[in-house]
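Chains, contacts and geometry: an overview
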Amino acid sequence: MSDRELYLSYGLQAVDAKGRVAVPAKLRAALERNAEARDLLIARDSTHGCLVGFDVNWPRILHARLDPRELAIEDSGEAVDYNVAGNAFGNLESAPFDSAGRFVLPTFFRRRAKIEKWAFFHGRGNTFNIWNPEALLANEGIAEETRELVEFCMEEKGLR
């Protein structure tokens, strides 16, 4: 895992009527380095309601972490929580992106995250989040510094 590029940085990107949006350049560079396929995977963050984006190799690494835990639980005679692996590997969708990082946000996920005209991308190391910027600002569980960053980005785009 040490050879993986981390998802660092942020960006506020316009979303068109069809749900097309571009991954910011620094995050796109990490996507391209981490997997040869021009596909990103999208899932929903169950805690905050934003979306989570990552390269197609990340689920293999996550599986290598989760599988031994599930096996240990099964070996102890306890029931394995179906939702852990189901959420990690089943509740996601692939979104191909072009050389400029443009992709179409999957409709279900876009609707659930309430992403309309703008999407705020926020690096988180192994993954990155995609937010409706207004939802991020309203979320008191998000650090004030991050909310200030979103407000700044919105001001720069003339949205505030």
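Figured I'd write up the structure that's included with this text. Predicted, not measured: the structure shown is a model, and the values here were computed from it.

1. Details of the pairing of strand β4 (residues 51–55)
Taking burial as the measure, the 5 residues of β4 include 5 buried ones, the bulk of the element. Bridge count between strand β3 (residues 39–44) and β4: 5 bridges; the pairing is antiparallel. When the sheet's bridge partners are listed, A43 is paired in β4 with V52. Linking β3 back to β4 in an antiparallel pair, the connection comprises 6 residues, with G49 at a positive phi of about 85 degrees.

2. Quick notes on the sheet that holds strand β7 (residues 118–123)
Sheet architecture is open: 6 strands sit in the order β1-β7-β8-β4-β3-β5, paired in antiparallel fashion. A single partner strand is all that each edge strand has here, and the edge strands are β1 (10–14) and β5 (92–96). Pairs of neighbouring strands in the sheet enclose a mean axial angle of 25 degrees, with direction left out of account. Alignment of β4 against strand β8 (residues 128–131), held across 3 bridges, turns out to be antiparallel. In the strand pairing of β8, L51 is matched with I130.

What counts, and at which threshold
Residues numbered from 1 in each chain as written. Predicted model: local features only at pLDDT ≥ 70, side-chain atom pairs only at ≥ 80, totals over all residues. Heavy atoms only, no water. Buried < 20%, exposed > 50% of the residue type's maximum accessible area, 1.4 Å probe, protein only. Helix = DSSP H or I, 4+ residues; strand = E, 2+ residues; numbered from the N terminus. Pairing = 2+ DSSP bridges. Axes fitted to C-alpha atoms, helices over the stretch in contact; angles between N-to-C directions.

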